[in-house]
Structures are given as structure tokens and as C-alpha cells.
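Residue strings, one per chain:
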Amino acid sequence: MDPGRRAMLGGQGSSGRKGDERDITGPRPASSNRVTKSTKGDQPSKTAQNLARYLTSDEQSRQFVADEDKFVLRQSKKKADIRVREGRAKPIDYLTFNLRYMEEHRDAFDDQDDDLDIDLKDPAAYIESLTRAQVTELMGDIASFLTLEVDASNRQYWEALRTICAMRDFDLDPVRREEKDRAYGVTADVLSENLKGQSSVGLDMYETRIRAALAGDKFIDREYQSYVLEDVLFYKAKKVVEGIFNKMSESREKLLKERGPIARSSAKAAVVGQPGETADAAAIAGEKAVAVSTNASAAGNEDASLATKALYDREAAQGLLENEEVFTTEAAIPDRKKPEWAGRYKARKPRYFNRVQMGYEWNKYNQTHFDHDNPPPKVVQGYRFNIFYPDLVDSTKTPTYKIFREGGRKRGESHAKAGEEDTCLIIFIAGPPYEDIAFRIVDRQWDFSAKKERGFKSTFDRGILQLHFNFKKIFYRK
């Protein structure tokens, strides 16, 4: 027998290693039964770590809804700020405007320098001055904010205002008011004075006792106690709002002091334009109008709101295509009349970012007399109008446009001289607070096809009226 073979059978193995006592003739151990020692301890596998990075579908849905609510809430506050600045605020707008002095993480780009000049309204006193219709609308708006708001301080503010609105609505209802007076009897004035003088702790004690009495089995005048509980909750809400409003006022005063005495002098001119203003106030307003350029444009009444500026910047950032030029040629509207809403809203000229598409027409004549090295004159081939209406009073009415041809000329007719093209006015109409605006364009047949490169587009979405069209190409056949 081979010596190496004999050594292997003798247990020494071909390698001659000592201590190797495996039975090479026995069955091999199954790999599934082998016990291996982990080199990474109890760390989770890479697959488990990757799975932990991703959200489940339910978590993704909740995150999407939360982000959407946050966006809607911010936009609602922005719109409220704009309406307050322009003097056409609704009741909810004044109460929302106050919150800027409470929010620590507010975006500074949402504010303007002149916002400090706007006086704050005491929420409780302001609600007391509203009509029943205004209160009803305000309660609906507050409910919308409570649905979206997640900040604890802001929610406390809105909850307290909702309670005050409910009491104001109650007081303006003669039937319910008469029932309450009958239940109170002669104790109404005494009880009211007593609750007014109570501290927050005292009102809490009142509420606890009344709720315990209403929940008990003892015989009590439940109607009377229910009315008292409503009054207690009302005065508690007023205490909360008064405390929050004091903090808002202190924060505003602090910012005014930081701005300095020169800037503060302009705050005194912030209320000009009201009945009974003095000549000095008007003079200060004139100086301020010259000095402050952030809210005024060269056009005088051109829309200079932050929302409009954001839409304009976003559209301008898209730039121009190779065959496009900026189109800014405005035209006077014939027989322009003062809008019916001019007495209620301050008219503003809408901003826009328009483009005109220029190109060569290689018709038979141009092919004969020109070439690519010596091209023919460029002609207008289409327009892309983008008119910005971010803050319409009635957002349910879509802005539109119309074509006006002078001299009674109808579509398809031509009064132009040889070698010239007919023109017409395109007038854009939106409604308050935006005035109509017109541009003079070439009067040719539009291409209404749905092709992407020559497609017609007429939409109004997110405050932008977009009208994009090209002219039809006319081919002459023999």
C-alpha cells in the first residue's frame, strides 16, 4: 500500500498535521447544522437597517396630510396679511394678523417693514363690535384654523376666540337673550359684576363647582346653572385672550423700539387716508410714499404684494426660449370706465410676464429671395401671456380675455396697407381688486391644435392666468 495512503488511514492525514482526528471516511456535516460565530454581535442586518429608513404607506399618508395642512395654513395666514395691508380685511384677518407677534418660528420673508405700523385690534373688543352675520362667518373661519393649527399657544388663542364669538352670537339672538334674562331674574347684574372681578383661579373654582352640581343628583335649577357656566367660560376665555393680546402688544412695542425713532415717525402716518385726517398727517404720508420703495412700483398702482412678487419671480426664472422675447407693450383700453367696485377696493394693475415668439417664415417668396445666411425679417409667430391674480376678492370667478378690433373691423377682415399686418387689442379682465389691462398684438388666426410644440393653452390656476397660442401657418398651393 502506498505509504501516504497508509498514513491517512492511520489518522495522520496527508498534511501530517497533529490533532486532526476527523474521520475522512464518515459523512460530511450538513451546512445547515453548522453553528457559526457572528462577528458583528447583536447588530441588526443591513436589510433591517434599510427597511427602518422607509415609512409605511400609512405613515406616508399621514406625513403627506400633515405637510398639506401646514402649507394651507401658511397660505391662509399670508392672504390674511395681504388683505390687512391693503385695507380690505375680513374679521378673521385682523385676528390672524395679530399672531405674527406670537409665532417664534415665523418666516421673516412673510413680513414687510410697514407691518409694524399697523395697529393691533383688541380681539375681544373687536368681536363685540361685529354684527351677527359677521360673527357667524368668523366662527366658521375660526373652525377652519383650528382644524389646521397644531401650535398649542395658537390653538388656545383660537379656542378662546371661539368661546367669545359664541357668547356674542348668543347676545345678538333676542329670543335666547330673553330666556336667559328670565332665568337670571334680578341677579343678572350682581352675577355679572362678580364674575368680572374674579381671577382665573376663581373662575376655575366656579366652573368646578357648577359642573359638579350639574353632574350630581341634587335638585337644582339646571337652566340657571347652565347659563352661569356659559358666563364663567366666557370670562375665562376673555382672560386668556387678554393675556395673549398683552404679550402681542409688548412684542410689537419692543420691535418698534428696536427700529428706532425715525422709523417710528412713519408709524404715525400709517393711518392716513381716513376721514378727518390732518394736513400734517397728509404731509407725513407724502414723505413716506417717496421714501418707502418696497411697496410701491414705478407704475404707481401696480400690484406689489409678496404673493405677486413670488409668482413673477418664479415665472421669470424659467427664462426665454431661443425664439422668444419679453413682451411688455401695453395699450390703452378704449372708452375705459371706472369699475363699479372702485369705491370699495383700491384698484391695482396686475403684474405679468409675457413672451412673444419670433421666427422666420420660409414661404415661396422668402425661399426665392433669402437663405439661411441672409435670412428674411423675423415675424411674430405667437404669444405667451402670464398675468398674475393671486388675491382676487371672488376666487370663484375665473379671469378671462376678449379681442377688440378698432374701426368696426371683423375677424378675418384686413384694413392694413400692403406689407403690413392688422393688429388688435387683447384685454384681460379679472374683477376686484384688479383693473383691466390690454396689449396690442398681431391679428392673425390662432392655432387651437393640441400639439405640444404648437399647442393652445388657456388656464387659470394658483393665481396665474396663462394664455399661450401660436398663429396658424398658411401654405399656398398651386
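Since the model is a prediction, treat every value here as computed from it, not as a measurement. (Residues numbered from 1 in each chain as written. Predicted model: local features only at pLDDT ≥ 70, side-chain atom pairs only at ≥ 80, totals over all residues. Heavy atoms only, no water.)

Visitor: Give me the lowdown on the packing of helix H9 (residues 188–196) against helix H11 (residues 222–259), citing residues and values where you can.
Guide: The geometry of H9 relative to H11 is characterised by a closest axis approach of 10 Å and an angle of 35° between their N-to-C directions. In terms of crossing hand, the pair formed by H9 and H11 is right-handed. Here H9 contributes Leu191, Ser192, Leu195 and Lys196 to the contact with H11, which in turn contributes Tyr224, Val228, Asp231, Val232, Tyr235 and Lys239. (Axes fitted to C-alpha atoms, helices over the stretch in contact; angles between N-to-C directions. Helix = DSSP H or I, 4+ residues; strand = E, 2+ residues; numbered from the N terminus. Left-handed = near helix turned anticlockwise from the far one by under 90°. Contact = heavy atoms within 4.5 Å.)

Visitor: So, empty space enclosed by the protein: which residues are in play, and what are the values?
Guide: Per the counting criterion, the structure on display carries 2 cavities of 30 Å³ or more. What the second largest cavity holds in volume is close to 40 Å³. Taken together, Lys77, Asp81, Thr96, Phe97, Leu99, Arg100, Glu103 and Arg106 form the lining of the second largest cavity. Of all the secondary structure elements, the ones that give two or more residues to the lining of the second largest cavity are helix H3 (57–85) and helix H4 (91–97). For the lining of the second largest cavity, a count of residues per class yields 2 nonpolar, 1 polar and 5 charged. (1 Å grid on protein atoms, 1.4 Å probe; cavity = no way out; pocket = protein on both sides within 12 Å on 5 of 7 lines; lining within 4 Å. Points joined across faces, edges and corners; volume = space filled by probe spheres on them. Nonpolar A, V, L, I, M, F, W, Y, C, P; charged D, E, K, R; others polar.)

Visitor: Got a sec to walk through the pattern of salt bridges? Specific residues and values, please.
Guide: Once their charged atoms are close, side chains differing in charge can pair, the charge on each being opposite to the other. The full count for this structure, using the stated rule, is 28 salt bridges. With a shortest N-O distance of 3.0 Å, Arg100 and Asp81 are connected by a salt bridge. Taken together, the residues Arg100 in the loop between H4 and helix H5 (123–128) and Asp81 in helix H3 connect sequence positions 19 residues apart. Like Asp81, Arg100 is buried. In this structure, Arg409 engages Asp443 in a salt bridge whose closest nitrogen and oxygen atoms are separated by 2.7 Å. Taken as a pair, Arg409 in the loop between strand S5 (400–404) and strand S6 (423–429) and Asp443 in the loop between strand S7 (437–442) and strand S8 (446–447) lie far apart in primary sequence, 34 residues in all. Put simply, Glu86, Arg88, Arg348 and Asp391 are held in one network by salt bridges that share partners. (Salt bridge = Lys/Arg side-chain N within 4 Å of Asp/Glu carboxyl O. Buried < 20%, exposed > 50% of the residue type's maximum accessible area, 1.4 Å probe, protein only.)

Visitor: Please set out the sheet that holds S5 residue by residue, giving values where relevant.
Guide: Strand order across the open sheet formed by 4 strands is S2-S7-S6-S5, with antiparallel pairing between neighbours. Unpaired on one side and paired on the other, strand S2 (330–331) and S5 mark the two borders of the sheet. (Pairing = 2+ DSSP bridges.)

Visitor: Could you give an account of the packing of aromatic side chains, naming the residues involved and the relevant values?
Guide: A full pass over the atoms with the stated rule returns 24 aromatic pairs. Considering the side-chain rings of Tyr352 and Phe439, the 4.9 Å spacing of their centres and the 85° angle between planes classify their relative orientation as edge-to-face. Taken together, the residues span a long stretch of sequence, with Tyr352 in the loop between S2 and strand S3 (354–359) and Phe439 in strand S7 at a distance of 87 residues. Accessibility assignment for this pair places Tyr352 and Phe439 in one class, buried. With 5.8 Å between their ring centres and 50° between their planes, Tyr383 and Phe469 make a pair best called tilted. One end of the pair, Tyr383, is in strand S4 (residues 379–388); the other, Phe469, is in strand S10 (residues 464–471), with 86 residues separating them in the sequence. When its relative accessible area of 3% is taken as the criterion, Tyr383 is described as buried. The class for Phe469 is buried, based on a relative accessible area of 1%. (Phe/Tyr/Trp six-rings, centres within 6.5 Å; stacked < 30°, edge-to-face > 60°.)

Visitor: Which residues make up the nonpolar core, and what values do they have?
Guide: Judged by nonpolar contacts, the single largest core of 45 residues is most densely connected at Leu95, Leu138, Ile142, Tyr157, Trp158 and Leu161. The greatest single-element share of this core, amounting to 12 residues, is contributed by H11. With near-sequence residues (within four places) excluded, Trp158 lies in contact with Ile92, Leu95, Thr96, Leu99, Ile142, Phe145, Leu146 and Glu149. With 24 residues, the next largest nonpolar core counts Phe439, Ile441, Leu465 and Leu467 among its residues. (Core = buried A, V, L, I, M, F, W, Y, C linked by side-chain atoms within 4.5 Å.)

Visitor: With reference to specific residues and values, describe a negative patch on the surface.
Guide: On the surface, Glu178, Glu179, Asp221 and Glu223 cluster together to form a negatively charged patch. The topology assignment puts Asp221 in the loop between helix H10 (200–215) and H11. Residue class for Asp221 comes out partly exposed when judged on its relative accessible area of 46%. (Patch = residues over 30% accessible without salt bridge, like charges linked within 9 Å, V, L, I, M, F, W, Y side chains within 5 Å. Areas by Shrake-Rupley, 256 points an atom, 1.4 Å probe, with all protein chains shown as cover. Lys, Arg positive; Asp, Glu negative; His and termini not counted. Charge placed at Lys NZ, Arg CZ, Asp CG, Glu CD.)

Visitor: Hey, could you go over unusual backbone geometry for me, with residue numbers and the actual values?
Guide: Here the residue pair Pro432 and Pro433 is connected by a cis peptide bond, since its omega of 5° sits within 30 degrees of zero. Tracing the sequence through the fold places Pro433 in the loop between S6 and S7. Positive phi values are uncommon outside glycine, yet Asp335 reaches one of about 50°. Considering the arrangement of structural elements, one finds Asp335 in the loop between S2 and S3. Taking relative accessible area as the criterion, Asp335 reaches 73% and is therefore assigned exposed. In this model, Arg462 sits at a positive phi of 55°, which is unusual for a non-glycine residue. A relative accessible area of 70% means that Arg462 is categorised as exposed.

Visitor: Which residues make up helix H8 (residues 174–184), and what values do they have?
Guide: For H8, the N-terminal cap is Asp173; the gap from its side-chain oxygen to the backbone nitrogen of Val175 is 3.2 Å. Count one or two residues on from H8 and you reach Gly185, which has phi positive near 65°. (Polar contact = N/O pair within 3.5 Å; in protein donor to acceptor, adjacent residues only side chain to side chain.)

Shape descriptors only; they carry no functional weight alone.
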